[in-house]
Amino acid sequence: MSPAVGPAVGTVLAISRVELIRMLRERSNLFFVFVLPLLLVVFIGLQFGGTAGTPVGVVGDGAATDELVELLDEQGGVNVTRVDDADELEDLVSRGNLGGGVVVGEGYGAALAAAEPFTIGFVARPDSASMSLRTVVEAAVAEHAAASQAARHVADVTGLEASTLVDLADDVRGEVATVTVTAAEVGGDALAEEFAGLGQFDLGASGQLFLFVFLTSLAGSAALIQTRQYGVAARMMSTPAPTPVVLAGLAGGRLAVALFQALYIIVVTTVGFDVDWGDPLATGVLVLLFCVVAAAAGMLLGSVARNDAQASGAGVGIALVAAALGGSMMPLEFFPEGMRQIALLTPHGWANTAMAEIVRRDGGVADVAVELGVLAAIAVVLTALATVTLRRAIVR
Amino acid sequence: MDAVLQCTGLRRAFGELKAVDDVSFEVGAGETYGLLGPNGAGKTTAISMVAGLLATDGGEILVAGEVMTPRASAAKRHVGLVPQELAIYPDLTARENLDFFARLYGMDKGGRANRIDRVLEVIGLADRAGDRAGEYSGGMKRRLNIGIGLLHEPRLLILDEPTVGVDPQSRNSILASVEDLATDGISVLYTTHYMEEAERLCDRIGVIDRGRLVAEGTRRELVSRIGEQDVVRMKVVGDASAAAAACESVEGVGSSDAEGDEVVCLMDAAAGRLPALLAAVGTSGASVAGVQVREPDLEDVFLHLTGNALRD
């Protein structure tokens, strides 16, 4: 590193570091940067996600109950969780943590072995989804009790020992011809195909990433105005740091804020929500370019707005409108064709299109080259504009 | 004089307004130089050019022998600027503010820590160094503002009206700090429109009005410009103009002017000539309700040189 470059880099990092520290110290950011993005990821996941299955709780012990749980798991569309007791199960269902629950009382295994009648409890909220869930549970229970029911029927007709007949029925279960129903779907659902295989929160996470990176960057442009209002920007110009270095530092501060927001969402959703972000290189380049776009937009707004209140207000408004138009609040696939074209007027539209390719179709950098190119062009134009306007704002 | 700052023929205009017009002055090593003038006189424009914040339209600025321009990094290393308005981050602590600007001055890590500790002691904020500046009193913020200017041990410290809006106690503290700087050998360029501050702090004073340096010198030199005369201010009942005209005939009176219901005379040896002066007022048909005699000060100098009061 040349003697001139070292101090310049140090100055850029010093300014950027302070801008990031100031963002983290702003109390209102604790909610908008750290909490709200995750809330919306969860909300959208619950609205549009859903391939993970309905959570079902099961209360009961013993080998027979374990077999029933396995059968429930095999039914598809449900995720089985073991719960300690019936009271806890009712509580979890009533709170909505579970879609429904099954209570298997003591003696279930013995009743099956003796081909005796037995009642299993089903707990659910009074809604249509519960009816569907009950059908799934009944199917599993019927399959599990099939041998026992057959043995009881034969014992009643022949007078043979029921428990012997149960063992016999279990032995021949695999050899008995079964009726299988196959389903053929007609009128293919393109949307279902598009979102097939996505985790529950995958869809919301990427949209919210772009929304909040842009929102935090634009709303955070108020900090840039404060730097001018506090007189610190002018004072920076009285130091030996050259004007381009000061401008680079202020731009670096905006980029640091955008990158921090992006990394936070990616890390937390990956660890906490098992979100799949696709090819790391493609996603990395895409997110970096989007962060540059957002940082430049924030710098531009911070250069032209008259005061921090104006910058915050305009920033939030612009960010939310761009996010809505660009498919960060609802997947672009749900948009009518005309709106999809309008979405491409926003960086979000290009970013969400690229992310869909990366996450849903295992796309790489080459597959999203057009989107990356457009974002790079937007970044260059906005950065140039922002640099010129910011220079005018702080250099007399 | 070993000049730390040399300004020659400085000019700067904003449209038709000549904010600074052919201003030249020097500040010697360890000297405190005051730019005294009313608001809008051109003081801040002048020091903005000296600090490299503003380009000149003409003239030259040399700081420790280096030419100062907005791009002159070498010259800027010799200058510490304390702007009139606070220039600190209120959401950072005093130590963080100092550390931030120390990095901008390219100070290395070891030297930075030691120097920050030293500056915190000098400005009396060592025990509050970890508190955010936004929680400080106005005086503490002002001291931090000055501390940032001192951080890199500049040859020239520029203080732009540092006591504006400050309570009397903090003001005294700031003035004492500036006096200490002079004893430490730092050259100070101090702008103010408070005559008392210029008289107390400055080795030499430049009087600036409407962008021009109208006079320069020590306090004694400036006051001598209006002669060894006393100022006699008389409150009169009756026609003040007629009374002022009558006073001009008294021996030793240099000038006599009516200001409202007062007559202001500049005269030699006033103490021995007061009876004659009071008699002259009486001959005009007016009577004297009160008299004040004092030595002239910079306010009178400014009035004498520009025809305007300093606080206008």
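1. Re the domain arrangement of chain A
Argument step 1. Along its sequence, chain A is organised into domain 1 (12-47 + 197-395) and domain 2 (52-183).
Argument step 2. For domain 1 of chain A and domain 2 of chain A, the distance between their C-alpha centres works out to 51 Å.

2. Concerning the nonpolar core
Nonpolar side chains in soluble globular proteins tend to be buried together.
Argument step 1. Counting residues in each nonpolar core, the largest one holds 112 residues, and the members touching the most others are Leu5, Leu144 and Leu189 of chain B.
Argument step 2. The element that contributes the greatest number of residues to this core is helix α14 (residues 280-304) of chain A, accounting for 13 residues.
Argument step 3. In this structure Leu5 of chain B touches Phe25, Glu26, Val27, Val50, Ile61, Leu62, Val63, Leu156 and Leu189 of chain B, once residues within four positions along its chain are discounted.
Argument step 4. Listed in part, the 27 residues of the second largest apolar core include Leu181, Ile226, Leu298 and Val301 of chain B.

3. So, the packing of aromatic side chains
Argument step 1. Taken as a whole and judged by the stated rule, the model has ten aromatic pairs over all chains.
Argument step 2. Ring geometry for Phe34 of chain A against Phe260 of chain A: centres 5.8 Å apart, planes inclined by 80°, an arrangement best described as edge-to-face. Of the two residues, Phe34 of chain A sits in helix α2 (residues 27-48) while Phe260 of chain A sits in helix α13 (residues 243-273), which places them 226 residues apart along the sequence.
Argument step 3. For Phe260 of chain A, a relative accessible area of 25% corresponds to the partly exposed category.
Argument step 4. A ring pair is formed by Phe34 of chain A and Tyr264 of chain A, whose centres lie 5.0 Å apart and whose planes are at 85°; its orientation type is edge-to-face. Taken together, the residues span a long stretch of sequence, with Phe34 of chain A in helix α2 and Tyr264 of chain A in helix α13 at a distance of 230 residues.
Argument step 5. Above the face of the Tyr194 of chain B ring, Arg171 of chain B is positioned so that its terminal group lies 4.8 Å from the ring centre.

4. Re the side chain of Asp230 of chain B
Residues and elements named next belong to chain B.
Argument step 1. By secondary structure assignment, the location of Asp230 is in strand β11 (residues 230-237).
Argument step 2. As a buried residue without a salt bridge, Asp230 has its nearest oppositely charged side chain in Arg273, at a separation of 8.2 Å.
Argument step 3. A polar side-chain atom of Asp230 sits 3.3 Å from the main-chain amide nitrogen of Ala270.
Argument step 4. In this structure, Asp230 is in contact with Cys265, Leu266, Met267, Ala269, Ala270, Val293, Arg294, Glu295 and Pro296, ignoring residues within four places of it in sequence.

5. So, the packing of helix α5 (residues 138-150) of chain B against helix α6 (residues 168-183) of chain B
Residue and element names in this part refer to chain B.
Argument step 1. With their axes 9 Å apart at the nearest point, α5 and α6 run at an angle of 20° to one another. Relative to α6, the element α5 is oriented roughly parallel. The element α5 and its partner α6 pack so that their crossing is right-handed. Facing α5, whose interface residues are Gly139, Arg142, Arg143, Ile146 and Leu150, α6 presents Ser170, Ser173, Ile174 and Leu181.
Argument step 2. Of the residues assigned to the contact of α5 with α6, the class counts are four nonpolar, three polar and two charged.

6. Examining the interface of chain A and chain B
Argument step 1. Contacts between the two partners involve 24 residues from chain A, matched on the other side by 31 residues from chain B.
Argument step 2. Between chain A and chain B, a total of about 2,500 Å² is buried, with carbon and sulfur atoms accounting for 57% of that surface.
Argument step 3. Inspection of the region where chain A meets chain B yields two salt bridges.
Argument step 4. With a closest N to O distance of 2.6 Å, Glu96 of chain B and Arg25 of chain A form a salt bridge.
Argument step 5. Applying the counting rule to chain A against chain B returns ten residue pairs in polar contact (both at pLDDT 80 or more).
Argument step 6. Elements with a minimum of two residues in the side of chain A that touches chain B: α1 (5-25) and α12 (232-237) of chain A.
Argument step 7. The element that contributes the greatest number of residues to the side of chain A that touches chain B is α1 of chain A, accounting for nine residues.
Argument step 8. For the side of chain A that touches chain B, the per-class residue count stands at twelve nonpolar, five polar and seven charged.

Basis of the calculations
Residues numbered from 1 in each chain as written. Chains lettered and ligands numbered in written order. Predicted model: local features only at pLDDT ≥ 70, side-chain atom pairs only at ≥ 80, totals over all residues. Heavy atoms only, no water. Domains from an automatic or database assignment. Core = buried A, V, L, I, M, F, W, Y, C linked by side-chain atoms within 4.5 Å. Buried < 20%, exposed > 50% of the residue type's maximum accessible area, 1.4 Å probe, protein only. Helix = DSSP H or I, 4+ residues; strand = E, 2+ residues; numbered from the N terminus. Contact = heavy atoms within 4.5 Å. Phe/Tyr/Trp six-rings, centres within 6.5 Å; stacked < 30°, edge-to-face > 60°. Lys NZ or Arg CZ within 6 Å of the ring centre and 35° of its normal. Lys, Arg positive; Asp, Glu negative; His and termini not counted. Salt bridge = Lys/Arg side-chain N within 4 Å of Asp/Glu carboxyl O. Polar contact = N/O pair within 3.5 Å; in protein donor to acceptor, adjacent residues only side chain to side chain. Axes fitted to C-alpha atoms, helices over the stretch in contact; angles between N-to-C directions. Parallel < 35°, antiparallel > 145°, perpendicular 65-115°, else oblique. Left-handed = near helix turned anticlockwise from the far one by under 90°. Nonpolar A, V, L, I, M, F, W, Y, C, P; charged D, E, K, R; others polar. Buried area = accessible area lost by both parts, 1.4 Å probe.

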